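Here are the chains, one letter per residue:
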Amino acid sequence: MAHAFEPVQLGSIELFCKAAELGSFTSAAEALGVTPASVSRSIKRLETRLGVRLFNRTTRNVRLTPDGELYQEQCQQALDQIAEAERAITGQQRYPKGLLRISVGTVYAHHRLVPLLPGFMEAYPDVEVELNVSNRNIDFVEDGYDLAIRLGEPRDSSLIARKLEDASVGVFCSPAYAKRRPPPQSLAALQQHDLIQFIAPSSGRPFPWIFRDEGGESRDLSLSSRQRVLEDVLAGLGWAVAGGGLFQIYHFVAADALAQGRLIEVMQPFGGRSRPFYVLYPQNRHLSARVRAFVDYLLAAARPG
């Protein structure tokens, strides 16, 4: 009876071929914009599936086994054929179509991206959009996303980063809280107030509050508080609206509550700081018409006129 193989994972094949070409899991990870651990996991899954060892591993490098050499030769031919087919198809594809998979953080999804999606869907009726709203880090190869929108400039040089905006921040509280406890008039007085802190998913530490001091110099403050929010920044906003204390958040997030009188902005003399948001995609991946169209659409919306 024939051996029942699991479906081939092309992402794992690509990682294997790159590791074979470079002789290093770490170099392959850097080239493809993933972590060395994800390369190692993918190759272990391949070896388990095939029932053979593909690499001989040492502390300094990895070297293909005879079985690995045979497998690499056949897989590289298959990848080259796939790449050629994609070039032929995308070269003929004048109009964007197909599935577009996007990963975006909670705040930017609700207040920036989602309101833009109906216009994009109307402009490109042959594109399907799958939106993952999460603050966690992603692996483009393993998770299969076409692009991501994230806060801050990426450290990964394998990604192309296009800045969408510098989002200004402010400190907000409810009118009831301000009446009960007059807002601080100095940065030093902040610690005497009830603060609502957001815990950064990437570090597990409180997000620093950013200001300009009396001399106009940038200040990043790590503050302590017994009120902390994990994962969803919007919960912190709701906590501030309910009278829980001071919360630093982007002006575009607080705008509606501010206009409705449910929040007021305090400490404006120490404002003027911002944080950047970027759209990210792997630089080594062929940019499909649908990805290109969506990136152009975002940049046009971020910079009207």
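Along each chain, residues carry numbers from 1 onward, in the same order as the chain's sequence is written. Per-residue local features are limited, in this predicted model, to residues with pLDDT of at least 70; the limit for side-chain atom pairs, both in listing and counting, is 80 or more; totals at the level of whole chains, interfaces and linings are taken over all residues. Neither water nor hydrogens contribute to the side-chain values; these are computed over all heavy atoms in the structure.

A few words on the packing of aromatic side chains. Pairing of aromatic side chains requires ring centres within 6.5 Å, counting the rings of Phe and Tyr and the six-membered ring of Trp. Pairs whose planes differ by under 30 degrees are stacked, by over 60 edge-to-face, and all others tilted. Tallying each qualifying case throughout the model produces twelve aromatic pairs. Between Phe120 and Tyr124, the ring centres sit 5.0 Å apart and the planes meet at 45 degrees, which makes this aromatic pair tilted. Only protein chains enter the accessibility calculation, which uses a 1.4 Å probe; a residue whose area is less than 20% of its type maximum is buried, one above 50% is exposed, and one in between is partly exposed. Using a relative accessible area of 0% as the deciding quantity, one classes Phe120 as buried. Whether a charge lies above a ring is judged from NZ of Lys or CZ of Arg, which has to be within 6 Å of the ring centre and within 35 degrees of the ring normal. Its guanidinium or amino end placed over the ring of Tyr145, Arg101 lies 4.4 Å from that ring's centre, counting from NZ or CZ. Directly above the aromatic system of Phe252 lies the positively charged group of Arg112, at a separation of 4.1 Å from the ring centroid.

The next subject is the nonpolar core. Within the largest apolar cluster, 40 residues are counted, with the highest numbers of intra-cluster contacts made by Leu147, Ile249, Tyr250 and Phe294. Ranked by size, the runner-up nonpolar core spans 21 residues in total, among them Ala29, Ile43, Leu54 and Leu79. Buried Ala, Val, Leu, Ile, Met, Phe, Trp, Tyr and Cys residues form a nonpolar core when they are joined through side-chain atoms within 4.5 Å.

Positioned with a positive phi, Glu231 is a non-glycine residue whose angle comes to about 75 degrees. Among the secondary structure elements, Glu231 is positioned in the loop between strand S10 (227-230) and helix H9 (233-241). According to the relative accessible area criterion, Glu231 is partly exposed, its value standing at 48%. At Met267, a residue that is not glycine, the phi angle is positive and equals roughly 60 degrees. The exposure class of Met267 is buried, given its relative accessible area of 6%. Helix and strand assignments follow DSSP, with helices taken as H or I runs no shorter than four residues and strands as E runs no shorter than two, numbered in order from the N terminus.

A few words on the side chain of Ser24. As for its position among the elements, Ser24 is in the loop between helix H1 (10-22) and helix H2 (25-32). The class of Ser24 is buried, set by a relative accessible area of 18%. Residues adjacent in sequence count toward polar contacts only when both atoms are side-chain atoms; beyond that, a polar contact is any pair of N or O atoms within 3.5 Å, and within protein one must be able to donate a hydrogen and the other to accept it. Polar side-chain contacts of Ser24 include one of 3.2 Å to the backbone nitrogen of Thr26. Contacts between residues were defined by any pair of non-hydrogen atoms, one from each residue, lying within 4.5 Å. Those residues in contact with Ser24 that lie beyond four places of it in its chain are Ala19 and Val62.

On to empty space enclosed by the protein. In this analysis the probe radius is 1.4 Å and the grid spacing 1 Å, with only protein atoms considered; a cavity is a set of points the probe fits into but cannot get out of, a pocket is an open set with protein on both sides within 12 Å along at least five of seven lines, and lining residues have an atom within 4 Å of a point. Grid points are joined across faces, edges and corners, and a volume is the space filled by probe spheres set on the points. Enumeration over the complete set of coordinates arrives at one cavity of 30 Å³ or more. Put simply, the largest cavity is a space of about 60 Å³. As for the largest cavity, its lining consists of 14 residues, of which Val169, Gly170, Val171, Phe270 and Gly271 are closest to the centre. Examining the composition of the lining of the largest cavity, we find that three residues originate from one element, strand S6 (residues 159-173), more than from any other. Under the grouping applied here, Gly and all other residues not named as nonpolar or charged are polar, the nonpolar ones being Ala, Val, Leu, Ile, Met, Phe, Trp, Tyr, Cys and Pro and the charged ones Asp, Glu, Lys and Arg. In terms of residue class, the lining of the largest cavity is made up of seven nonpolar, five polar and two charged.

In this section: the side chain of Ser174. In this fold, Ser174 is placed in the loop between S6 and helix H8 (175-180). Excluding anything up to four places from it in sequence, Ser174 contacts Ala240, Val241, Gly243, Arg262 and Leu263.

Turning our attention to the pattern of salt bridges. Whenever a carboxyl oxygen of Asp or Glu lies within 4 Å of a side-chain nitrogen of Lys or Arg, that contact is scored as a salt bridge. Using the criterion set out here, one finds seven salt bridges in the structure. Between Lys18 and Glu21 there is a salt bridge whose closest N-O contact spans 3.3 Å. Remark: Glu21 and Lys18 occur in helix H1; sequence separation between them is three residues, near one turn of the helix. One salt bridge in this structure joins Arg112 and Glu165, with 2.8 Å as the shortest N-O distance. Here Glu165 lies in strand S6 and Arg112 lies in helix H5 (residues 106-113), a separation of 53 residues in the sequence. Judged by relative accessible area, Glu165 falls into the buried class, the value being 17%.

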